[in-house]
Amino acid sequence: MISTTLPRYSSTSGIAYYQTGMGRPLVLLHGVGLSAESWASQLASLANDHSIYALDLPGHGHSAGLNGRAPTVAGFADSVAQFAAEVVGAPVLVAGHSLGALVAIDFASRYADRCLGVAALAGVYERSAAASRAVQERAASLRDLANGDVAAAPLLRWFGETPRGIVFDAASLCRRLLQEADRDGYAAGYEAFAKVDGPSPSQLQSLSMPALFLAGQDDPNSTPSMSDEMARRAPSGQALMVAGARHMLQLTHPNIVNDTLRQFFAGCLHQADTSGAG
């Protein structure tokens, strides 16, 4: 079973986070409607080398809401930057999943002096017109669900109709997180996710640090071709497709994701130390 409950600290700006491990700091950013627990399968593995800060984005998990501010990817990235300055106080590595991937890229592009490497899991880039309309419709529908089931549709997209084994465990965790999510925070996060079709080419080209783009082979919305194209545009970008994985690849395929992240971040730190950036 996947561990499902993590204790939290809170920053002065209202960001709730789980902290574990020792070493160079690594910030983990979850997807829309989820929380720090979506990284449960990475924590023990990555804590051997890093001080891990698994955040709840504003309006998610135990973090404070947006306080009337319009939900945007840039706004979430500013919150991450403020957290890093308040709590970490040193340049960080950052990994983000889905919405968190967009936030991580935005943070890395605009706060380059605070970021030593960025990993984007299941990120989107240049959605088709049909895909853009579909995600905007899903975002709008969250405001109308009231007390309806907010988990059924995303779970079907993420895990398919008959999840088994570790995929079933991952689906069970995500069902609970989505059902427990604050509806306004979930809707605001989805609105931010739906407003953009991925990072701009100029954002990707501005990434001065190593950038990794991971995608599940069978993810219909955050496709491997999107990760390939983002990696092509980033000066030090690389892409990897995880065979047999869908959207929640870090939970369903933790071994390859953990090994890949460990190797990537070790390379980031070696480059930073060699260049004097760290």
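Given the structure is predicted, the values throughout are model-derived calculations rather than measurements. (Residues numbered from 1 in each chain as written. Predicted model: local features only at pLDDT ≥ 70, side-chain atom pairs only at ≥ 80, totals over all residues. Heavy atoms only, no water.)

All right, on to the packing of helix H2 (residues 73-88) against helix H3 (residues 99-110) then. Their axes nearest at 8 Å, the elements H2 and H3 cross at an angle of 65°. Comparing the axis directions of H2 and H3 gives the class roughly perpendicular. The two elements H2 and H3 cross, and the hand of that crossing is right-handed. Together, Val 73, Ala 74, Phe 76, Ala 77, Asp 78, Val 80 and Ala 81 of H2 and Leu 99, Leu 102, Val 103, Asp 106, Phe 107 and Arg 110 of H3 make up the contact between the two elements. (Axes fitted to C-alpha atoms, helices over the stretch in contact; angles between N-to-C directions. Helix = DSSP H or I, 4+ residues; strand = E, 2+ residues; numbered from the N terminus. Parallel < 35°, antiparallel > 145°, perpendicular 65-115°, else oblique. Left-handed = near helix turned anticlockwise from the far one by under 90°. Contact = heavy atoms within 4.5 Å.)

What follows deals with the side chain of Thr 223. As for its placement among the helices and strands, Thr 223 is situated in the loop between strand S7 (211-216) and helix H9 (224-233). A relative accessible area of 18% means that Thr 223 is categorised as buried. Only 3.0 Å separates the side chain of Thr 223 from the side chain of Ser 225, close enough to count as a polar contact. (Buried < 20%, exposed > 50% of the residue type's maximum accessible area, 1.4 Å probe, protein only. Polar contact = N/O pair within 3.5 Å; in protein donor to acceptor, adjacent residues only side chain to side chain.)

With that settled, the discussion passes to the layout of surface pockets. If you add up the space inside the largest pocket, you get close to 190 Å³. As for the largest pocket, its lining consists of 14 residues, of which Ser 35, Gly 61, His 62, Leu 177 and Glu 180 are closest to the centre. Taken together, the residues that form the lining of the largest pocket break down as 3 nonpolar, 6 polar and 5 charged. (1 Å grid on protein atoms, 1.4 Å probe; cavity = no way out; pocket = protein on both sides within 12 Å on 5 of 7 lines; lining within 4 Å. Points joined across faces, edges and corners; volume = space filled by probe spheres on them. Nonpolar A, V, L, I, M, F, W, Y, C, P; charged D, E, K, R; others polar.)

The residue Gly 33 is located in the loop between strand S3 (24-29) and helix H1 (40-46) in this model. On a C-alpha basis, the gap between Gly 33 and Gly 185 in space is 7.5 Å, while along the polypeptide they are 152 residues apart. Filtering out sequence-adjacent residues up to four positions away, Gly 33 remains in contact with His 60, Leu 177, Leu 178, Ala 181 and Tyr 186.

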